Amino acid sequence: MFIHVCVDIFLYLVELVFLSDWWAGVQFYFYVDKDDYNNYFGKEHAIYIINHKYEIDWLTAWVVQDRIGGILGNCKAFAKNSLKYMPVIGWAWWFGEFLFLQRDLVKDKYTIETKLKTLFEYENPVTMLLYAEGTRFTKEKQEASIKFARTKGLPELKEHLLPRTKGFSIGLPHFRHNLPAVYNVQIAFGREEKPSLRALLNGQRLEAHVYIERIPIEQVPEGDKECDKWMYEMYEKKDKMMVSFFNTGDWFKESGVKPLEKFVPPLRYYSLLNIMLWSILILVPFFYLTFNILISGNLLHILLLMIPLGLLYVVLSKLMSVSEISKTSSEYGTDKKKTK
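Residues numbered from 1 in each chain as written. Predicted model: local features only at pLDDT ≥ 70, side-chain atom pairs only at ≥ 80, totals over all residues. Heavy atoms only, no water.

Pairing is mixed across the open sheet formed by eight strands, whose spatial order is S4-S3-S5-S2-S6-S7-S1-S8. Here the strands that pair on one side only, and so sit at the sheet edges, are strand S4 (99-101) and strand S8 (262-263). When strand S3 (residues 75-80) meets S4, the two strands line up parallel, connected through three bridges. For Ala79, the partnering residue across the bridge sits in S4 and is Phe100. (Pairing = 2+ DSSP bridges. Helix = DSSP H or I, 4+ residues; strand = E, 2+ residues; numbered from the N terminus.)

Written out as structure tokens, the structure reads:
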């Protein structure tokens, strides 16, 4: 059952990987420890803790999963509960065992403890993507983050929001025995670049710089408070690296982090072959049918033809709208508290 789900999810996610790798031709640069890359990446259960600054963080993370060992079909993510109702994409995530959170610690605690524990009991490696900031970076949210940090004596971050630590630290004891490592993942594009789904659809060529650090689970503290502190310290490191990258174009010059040599991960051809196959099976018959309907002059048939095209337009528009930072909403920085 798990293998069937992984294959189905792969065939779906790899179509979006095609958009990045082959349609827009995004250039990826990895910064990793080569020994860890060869010995562990894609071969073990893992939680990837990723910064949340761009509209296509999610798609970039999927490309990373595809490049490091073809484990895209086993890639899951934490997502807002409302996203599972989004046509096609949200439904696929739901069937693919993504973890949908309601931002209610009582309810989410059960989801994290039980469902994630089950996923990490599978034999095949499962990767969970965690955007601990909980929402994408904006100047307004950054101001709220800094205000909160000052009241709690926490680090004031320049290019990130303070992470939400509770779900991770409370759930970790329930599955850490099956979790060999967590990965600190930092994604950056040039400051002048505006990476978005619309840019990819327009074929805009971008450069993605991806720093990945493997952290053995033994280095993650066991106590809740200690684990929270560890997460805040990780985000301090992330922030120094991002500031250094924006100032110098280099992760390491101003951050104090040990330099790593960049390399270009090889392209995988599965996404291209997948698109070619579906194009032959679907687009060729569709265009043949469309041509015959148009030359027939039958108005009813022409109107019926417009229905699937209209639905496709609605789905694409909704996907771009959800991914746009200016269209997202969040309670980040508000005084609203859960009372349960």
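The next thing to look at is the nonpolar core. In terms of nonpolar packing, the biggest core is built from 60 residues, with Phe30, Tyr48, Trp62, Leu129, Ile212 and Trp251 touching the most fellow members. Broken down by element, this core gets its largest block of residues, six residues, from helix H3 (residues 57-67). When residues no more than four places from it in sequence are discounted, the contact partners of Ile212 are Tyr31, Val32, Phe41, Tyr48, Val64, Tyr183, Asn184 and Val185. Among the nonpolar cores identified, the runner-up in size contains 30 residues, and Leu101, Leu116, Leu172 and Cys227 belong to it. (Core = buried A, V, L, I, M, F, W, Y, C linked by side-chain atoms within 4.5 Å. Buried < 20%, exposed > 50% of the residue type's maximum accessible area, 1.4 Å probe, protein only. Contact = heavy atoms within 4.5 Å.)

Working definition: an aromatic ring pair is given by the centre-to-centre distance plus the angle between the planes. Per the stated rule, a full pass over the model turns up 16 aromatic pairs. Ring centres of Tyr37 and Phe263 lie 5.2 Å apart, and the angle between their planes is 80 degrees; on these two criteria the pair is classed as edge-to-face. Here Phe263 lies in strand S8 and Tyr37 lies in helix H2 (residues 34-39), a separation of 226 residues in the sequence. Per residue, the accessibility class of Tyr37 equals that of Phe263, and both read buried. Aromatic side chains Tyr211 and Phe252 sit 6.1 Å apart centroid to centroid with 65 degrees between the ring planes, which places their arrangement in the edge-to-face category. With Tyr211 in strand S7 (residues 207-216) and Phe252 in the loop between helix H9 (224-248) and S8, this residue pair connects regions lying 41 residues apart in the sequence. (Phe/Tyr/Trp six-rings, centres within 6.5 Å; stacked < 30°, edge-to-face > 60°.)

Every buried residue belonging to helix H7 (residues 166-175) is among Phe168, Ser169, Ile170, Gly171, Leu172 and Phe175, and all of these are buried. For H7, the elements touching its buried residues are strand S2 (46-50), helix H5 (105-119), strand S5 (127-130), strand S6 (181-188) and H9.

Taking 1.5 Å of rise per residue, the 27 residues of helix H10 (residues 270-296) would be expected to cover 39 Å, and the 38 Å separating its terminal C-alpha atoms lies within 8% of that figure. At Ser279, H10 shows its strongest bend, of approximately 40 degrees. When H10 is considered as a whole, its buried residues turn out to be Ser271, Asn274, Thr290 and Ile293. Downstream of H10 by one or two residues, Gly297 has phi in the positive range, about 75 degrees. (Expected span 1.5 Å × (residues − 1). Bend = angle between axes of the 7 residues up to and from the residue.)

Here we come to the UniProt feature "transmembrane region" (unreviewed entry) in the chain. Sequence positions flagged by UniProt for "transmembrane region" (unreviewed entry) are, in local numbering, residues 269-289 and 295-316. Note that residues 269-289 is 95% helix and 0% strand, and that its end C-alpha atoms are spaced 30 Å apart. (UniProt positions renumbered as here; feature names shortened; annotations may be inferred.)

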